[in-house]
Amino acid sequence: MLLQGARQVGKTYILLTFGKEHYKNVVYVSLEESAGIRAIFERDLNPERIIKELAAKTGQNILPADTLIIFDEIQACEQALTSLKYFAEKAPQYHVAAACSLLGVVVNREKYSFPVGKVDMLHLYPMDFEEFLWAIGQEMLYNLVRESYEGFTPLSLHDTAMDLYRIYLVVGGMPRAVKEYAEKRDFDFVLAAQQTLNDSFIADMAKYATPVETTRNKAVWESIPAQLAKENHKFQYKIIKTGARAKDYENAMDWLTTAGMINKCANITAGILPLKAYEQADIFKVYMVDTGLLCSKLNIAANIVLYTPHSFDGIKGAIAENYIMQALVVNGIKPYYWSSPGKAEVGFVFQDKQGNVIPLEAKSSDNVRSKSLRSFTDIYKPPYSIRVSSKNFGFENSIKSIPLYAIGCLEV
């Protein structure tokens, strides 16, 4: 199994915990930290020899089916990545799990041999709002949210859920930040954790990219808060720096996307199946992988997000959009956004499993009037629309009203 995801989302922790709960013992090795371990894979890729040398190096017995072998940061060793194919073909009795943060980046750069069809691949994302509630002892509340979603009946604890949603915007879902909040309830400690995470992302750029690439990767990453602070959230290269051109920063955009640090939402010219056929790949919005990281980079004090004045509605809307984009991606939904030749724009559009094209309008407040959503429905006649806002559950005029805290319930 290969577990992918951005840096510091908890891949190592979850594999170690799984191993200790379900196996007699765990053999954990970090291929990024140990040259000695990497050397084991350089001679050949014979699984039996590798197992014997790993056992000798770690001083642990490796038992078929009873030991979980964890190769952490496997992108740091080309041969270890390729060895997964031979473990699957020649030694399936050994259970191997690998974790990687930047596999796509390394594969693209070095043309590593990837064990296609030989590994089960999973992707780990930052904790979503439901998991955040588990972490702070509010699991029962989200059970009620799901009940309300299934019946589209108002949630009696709506205000409580909205308050916790706003806290989640500030804290986000990176495990280290969530842990600080869960234990201390102090946003200063949360911010310190987020700043450390941002530093680790930048350090990775320097480790796995050339100096020129690192400079451009960082420039794009640092520009995202300003991109979202604009009234029009469409990504503009000129925001990076005056005179910046797409051809100079396209690779940086791909690097950040592949590294799991950003989510891109491309524009479509029509709400017709298949949406991919109407995609304008060069027109898009960019969101951060985590709302907490976005808030920390915007340098917004927690109390401003928690107790927002109306003058702050613009950036609050951008943060809410970032949150919704995260939730859609985590739930396996591929979103686009639609804009007409005029000023109409619908924040998210996706295909459901029944083959319907569904518009989703994001509203950060309870002001839910939208000419853009009406324009889309008049033209393309979807079976229903979704409006995500601070209002409670409801369903009228073919519009499903979903509270912001419940977007994670949406599955298609």
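It should be noted that the structure appears before, not after, this text.
Everything numeric here is computed off the predicted structure, so don't read it as measured data.

## Some remarks on the overall build of the protein chain
Logical step 1: Looking only at helices and strands, the protein chain features 16 helices and 13 strands.
Logical step 2: Against the 2.2 N^0.38 benchmark of 22 Å for 412 residues, the protein chain shows a C-alpha radius of gyration of 23 Å, consistent with a compact globule.
Logical step 3: In terms of overall dimensions, the protein chain has C-alpha extents of about 65 × 50 × 45 Å along its principal axes.
Logical step 4: Sorting the 412 residues of the protein chain into buried and exposed places 51% on the buried side.
Logical step 5: Within the protein chain, counting contacts between residues at least 6 apart in sequence, those at least 24 apart form 66% of the total.
Logical step 6: Accessible surface for the protein chain amounts to roughly 19100 Å². Of this, 49% is attributable to carbon and sulfur atoms.
Logical step 7: Separation between the mean location of the 45 positive side-chain charges and that of the 46 negative ones in the protein chain comes to 5 Å.

## Quick notes on the pattern of salt bridges
Logical step 1: Evaluation of the coordinates by the stated rule reveals 18 salt bridges.
Logical step 2: Residue aspartate 44 is joined to arginine 43 by a salt bridge in which the shortest nitrogen-to-oxygen separation is 3.8 Å.
Logical step 3: Take arginine 43: its relative accessible area is 64%, and that puts it in the exposed class.
Logical step 4: For arginine 166, the salt bridge goes to aspartate 163, with nearest N and O atoms at 3.2 Å. Within this pair, arginine 166 and its partner aspartate 163 are both found in helix 8 (residues 158-171), separated by three residues, close to a single helical turn.
Logical step 5: The network of salt bridges with shared partners includes Arg7, Glu32, Glu73, Asp204 and Lys207.

## Section: the sheet that holds strand 11 (residues 385-389)
Logical step 1: Pairing is mixed across the open sheet formed by eight strands, whose spatial order is 7-6-8-9-10-11-13-12. Among the strands making up the open sheet, the edge pair consists of strand 7 (279-288) and strand 12 (394-396). Here the strands of the sheet are splayed against their neighbours by 30° on average, with no regard to which way each runs.
Logical step 2: As judged from the seven bridges shared by strand 6 (residues 262-268) and strand 7, these two strands associate in the antiparallel manner. Within strand 7, the residue paired with isoleucine 268 across the bridge is glutamate 279.

## Some details on the sheet that holds strand 1 (residues 2-4)
Logical step 1: If you trace the five strands from one edge of the open sheet to the other, you get 2-3-4-1-5, paired in parallel fashion. With partners counted over all chains shown, the strands left at the sheet margins are strand 2 (25-30) and strand 5 (121-123), one partner each. The sheet shows a mean angle of 20° between the axes of neighbouring strands, direction not considered.
Logical step 2: Two strands pair when backbone bridges link them, and strand 1 and strand 4 (residues 95-100) are joined in this way by three bridges, in the parallel orientation. Looking at the pairing, leucine 2 lines up with alanine 98 of strand 4.

## Digging into the packing of aromatic side chains
Logical step 1: The tally for this structure, following the rule as stated, stands at 22 aromatic pairs.
Logical step 2: Each ring, one from phenylalanine 129 and one from tyrosine 142, has its centre 6.0 Å from the other, and the planes form 70°; the classification is edge-to-face. Taken together, the positions of phenylalanine 129 in helix 6 (residues 129-135) and tyrosine 142 in helix 7 (residues 139-151) put the pair 13 residues apart, joining distant regions of the chain.
Logical step 3: When its relative accessible area of 4% is taken as the criterion, phenylalanine 129 is described as buried.
Logical step 4: Residue tyrosine 142 is classed as buried on the basis of its relative accessible area of 1%.
Logical step 5: Geometrically, the ring pair formed by phenylalanine 235 and phenylalanine 284 is stacked, given 5.5 Å between the ring centres and 20° between the ring planes. With phenylalanine 235 in the loop between helix 11 (211-229) and helix 12 (246-258) and phenylalanine 284 in strand 7, the pair connects residues that are 49 residues apart, well separated along the chain.

## Brief notes about unusual backbone geometry
Logical step 1: The omega angle of the peptide bond from leucine 273 to proline 274 is -15°, so this bond is cis rather than trans.
Logical step 2: Of note, proline 274 is situated in the loop between strand 6 and strand 7.
Logical step 3: For glutamine 8, which is not a glycine, the phi torsion comes out positive at approximately 70°.
Logical step 4: Looking at where glutamine 8 falls in the secondary structure, it is placed in the loop between strand 1 and helix 1 (11-22).
Logical step 5: A relative accessible area of 39% means that glutamine 8 is categorised as partly exposed.
Logical step 6: Phi is positive for phenylalanine 152, which is not a glycine, with a value near 50°.
Logical step 7: Checked against the element boundaries, phenylalanine 152 lands in the loop between helix 7 and helix 8.
Logical step 8: Taking relative accessible area as the criterion, phenylalanine 152 reaches 18% and is therefore assigned buried.

## A closer look at helix 3 (residues 47-58)
Given 3.6 residues to a turn, an α-helix orients residues that are three or four positions apart in the same direction.
Logical step 1: Between the first and last C-alpha of helix 3 there are 16 Å, a value that for 12 residues agrees with the 16 Å anticipated at 1.5 Å per step.
Logical step 2: The complete set of buried residues in helix 3 reads Pro47, Arg49, Ile50, Ile51 and Leu54.
Logical step 3: Looking at the buried residues of helix 3, the elements they touch are strand 2, helix 2 (35-40), strand 3 (67-72) and helix 4 (78-90).
Logical step 4: A distance of 2.9 Å separates the backbone nitrogen of glutamate 48 from a side-chain oxygen at the start of helix 3, and that oxygen is part of asparagine 46.

Procedures and definitions
- Residues numbered from 1 in each chain as written.
- Predicted model: local features only at pLDDT ≥ 70, side-chain atom pairs only at ≥ 80, totals over all residues.
- Heavy atoms only, no water.
- Helix = DSSP H or I, 4+ residues; strand = E, 2+ residues; numbered from the N terminus.
- Rg over C-alpha atoms; globule rule 2.2 N^0.38 Å.
- Buried < 20%, exposed > 50% of the residue type's maximum accessible area, 1.4 Å probe, protein only.
- Contact = heavy atoms within 4.5 Å.
- Areas by Shrake-Rupley, 256 points an atom, 1.4 Å probe, with all protein chains shown as cover.
- Lys, Arg positive; Asp, Glu negative; His and termini not counted.
- Charge placed at Lys NZ, Arg CZ, Asp CG, Glu CD.
- Salt bridge = Lys/Arg side-chain N within 4 Å of Asp/Glu carboxyl O.
- Pairing = 2+ DSSP bridges.
- Axes fitted to C-alpha atoms, helices over the stretch in contact; angles between N-to-C directions.
- Phe/Tyr/Trp six-rings, centres within 6.5 Å; stacked < 30°, edge-to-face > 60°.
- Expected span 1.5 Å × (residues − 1).
- Polar contact = N/O pair within 3.5 Å; in protein donor to acceptor, adjacent residues only side chain to side chain.

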